[in-house]
Amino acid sequence: MKFDMDYIAHNNELTEFNPYVKLFLTIILLIVTLALDNLYFDVFIFVVMSIVILAIAKISFRSYFKFLTIPMAFLVITCIFLLFFFGKGEVIYETGILGIVVTNDSFHYAVYTFMRVLGCLPILGFLALTTPISKILHCLRSLKIPKIMIEIALLMYNVIFIFLNEIDTMQKAQNSRLGYHSYWTSFKSLGALVSTIFLRSLDKSETLQHSLDSRGYTGELPIYEPRK
Amino acid sequence: MHIMEGYLPLNWCIIWFVISFIVVAFGLYQIKKIVDETPESKALLAVSGAFMFVLSSLKLPSVTGSCSHPCGNGLGAALFGPAVTAVLATIVLLFQAILLAHGGLTTLGANIFSMGIVGPLAAWLVYKGLTKANISSTIAIFFAAFLGDLLTYVATSFQLALAFPAPSFGSALTKFLVIFAVTQVPLAIGEGLLTVIIWDRLKAYKPKLLDKLGALAPNEA
């Protein structure tokens, strides 16, 4: 359940769309949004990218909403913080509590930061929700990112999902034995869980290495690119 | 806490990217050397990276009620050294941005700097220093994880204060530090305790491996 985003990335209308175009579009749009730092442009890009994600990639509104909620919650908190505790200059609003005031400057910071993040989030979403990681890594490789880094990332991506399944099983087992009953038992259970995962991961890495070796692995994983 | 996508202005994004790039390039060079010597270690590195990623999806029971996750960079640094941890953290942060919408692409450089470079480096220095001083590795790993976590937040506060220097850099830094101290000190203690439990079990089950990685205190090896 945790990795809905990975599932969505593999199952939407834009999955097969050229990943290079998607990656470049994302990077250029992000840079433009940051460089312009214009409130109207932020809103414009938010609307456009949301339409692309919802209407063209046909990602359900619920998933998109879920993608936005957690960063948005953080964003609201931090911007309230910026609004009340930062800045100097002209006071434009007095709360009357502990001398906390909103100044010209802090208002400017809060609004611009809020809008900037608002504009950037859907751009990240566009890449994250429509492009599977393996394709992104494939693009990065042709952009001269060192081969070894891509290889490690690809292997990691494989192993992550095996781990998550194991953790799920173990946590259910611990839970059914009241493993997360109190603070201290939660700590102990979590410690046991993590160290077991670590020990298992060592075994797994050995198996992985053997299986790679037995298939003639020389430090490169050739990928088949199906013709469109 | 990861800095969100779009939170930093463009100039700071670029500066942190450049700084992180240098360190990560050095880490890559080190990894290349390790892999050339022992080709088997590539799988180990990949699995350790996956371990770091998975750690961050576990919830840590915290005293303040806010739920957060362990970063595992203290443990990583004590086991593999800071340069290798920086590269693994880079990949982990990229995955977090794309798979979990945690952090972001433009702020990747800044996040690498705080979580992949400052935290692990501090943890590693503390760990090496304490074990050299003949303190048992269990106590050393607690302080390594605790301080590694804490300095990550100090670094994040620095980055935020530099980006929002209002009314001045100093006062902004103090404000960010105070806010982080309230929420993150209990978390750092939590991560320290968790790392100790993990470390104890590792010592009990795989002492040879820890010895091989050169991660044990001299008097315990």
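Reading the values: rules and limits
- Numbering of residues starts from 1 in every chain and runs along the sequence as written.
- Going through the entries in the order they are written, you letter the chains from A and number the ligands from 1.
- Reporting in this predicted model follows two pLDDT cut-offs: at least 70 for local features of residues, and 80 or more for side-chain atom pairs to be given and counted; totals over whole chains, interfaces and linings ignore these cut-offs and use all residues.
- The helix count covers DSSP runs of H or I at least four residues long, the strand count covers runs of E at least two residues long, and both are numbered beginning at the N terminus.
- Put simply, a residue is buried when 20 or more other C-beta atoms lie within 10 Å of its own C-beta and exposed when 12 or fewer do; between those, it is partly exposed, and each C-beta is set from the backbone.
- Two residues qualify as a contact pair if the distance between their C-beta atoms, derived from the backbone, is within 7 Å.
- Residues of type Ala, Val, Leu, Ile, Met, Phe, Trp, Tyr and Cys that are buried and joined through C-beta atoms within 7 Å form what is called a nonpolar core.
- Domain limits in this description derive from either an automatic procedure or a database domain assignment.
- pLDDT runs from 0 to 100 and stands for how confident the predictor is about each residue.

Participant: Pulling in residues and values, what's your account of the environment of B:Ile14?
Facilitator: Residues and elements named next belong to chain B. Its location among the elements puts Ile14 in helix H1 (residues 10-37). Taking the number of C-beta atoms within 10 Å as the measure of exposure, Ile14 has 15 and is therefore partly exposed. When the C-alpha atoms of Ile14 and Thr106 are compared, they prove to be 8.4 Å apart, with 92 residues separating the residues in sequence.

Participant: Requested: an account of the interface of chain A and chain B, with residues and values cited.
Facilitator: Taken together, the contact between chain A and chain B spans 62 residues of the former and 53 residues of the latter. Of all the secondary-structure elements, those providing two or more residues to the side of chain A that touches chain B are helix H1 (4-10), helix H2 (19-36), helix H4 (61-85), helix H5 (104-130), helix H6 (133-142), helix H7 (147-176) and helix H8 (183-214) of chain A. When residues in the side of chain A that touches chain B are grouped by element, the largest group, 17 residues, is from H8(A).

Participant: Which residues make up the nonpolar core, and what values go with them?
Facilitator: A:Met156, B:Ala50 and B:Ala123 are the most contacted members of the largest nonpolar core, which totals 130 residues. Taken domain by domain, the makeup of this core includes at least three residues from each of domain 1 (4-136) and domain 2 (146-214) of chain A. Excluding anything up to four places from it in sequence, B:Ala123 contacts B:Asn73, B:Gly74, B:Ala77, B:Ala78, B:Ala144, B:Ala145, B:Leu147 and B:Gly148.

Participant: Any chance you could break down unusual backbone geometry for me, citing the residues and the numbers?
Facilitator: Here the phi dihedral of A:Lys58 falls at roughly 55°; this positive angle occurs in a residue that is not glycine. Checked against the element boundaries, A:Lys58 lands in the loop between helix H3 (39-56) and H4. The phi torsion at B:Asn134 lies on the positive side, around 65°, for a residue other than glycine. The topology assignment puts B:Asn134 in the loop between helix H5 (108-132) and helix H6 (137-163). When the 10 C-beta atoms within 10 Å are taken as the criterion, B:Asn134 is described as exposed.

Participant: Describe the confidence of the model for chain B, with residues and values.
Facilitator: All names here are of chain B. Counting all residues, the mean pLDDT for chain B is 82, and 88% of those residues have values of 70 or more. Residue range residues 62-67 is modelled with pLDDT below 50. Its contacts to residues more than four positions away, or to other chains, number ten contacts. Across the predicted assembly, pTM comes out at 0.86 and ipTM at 0.84.

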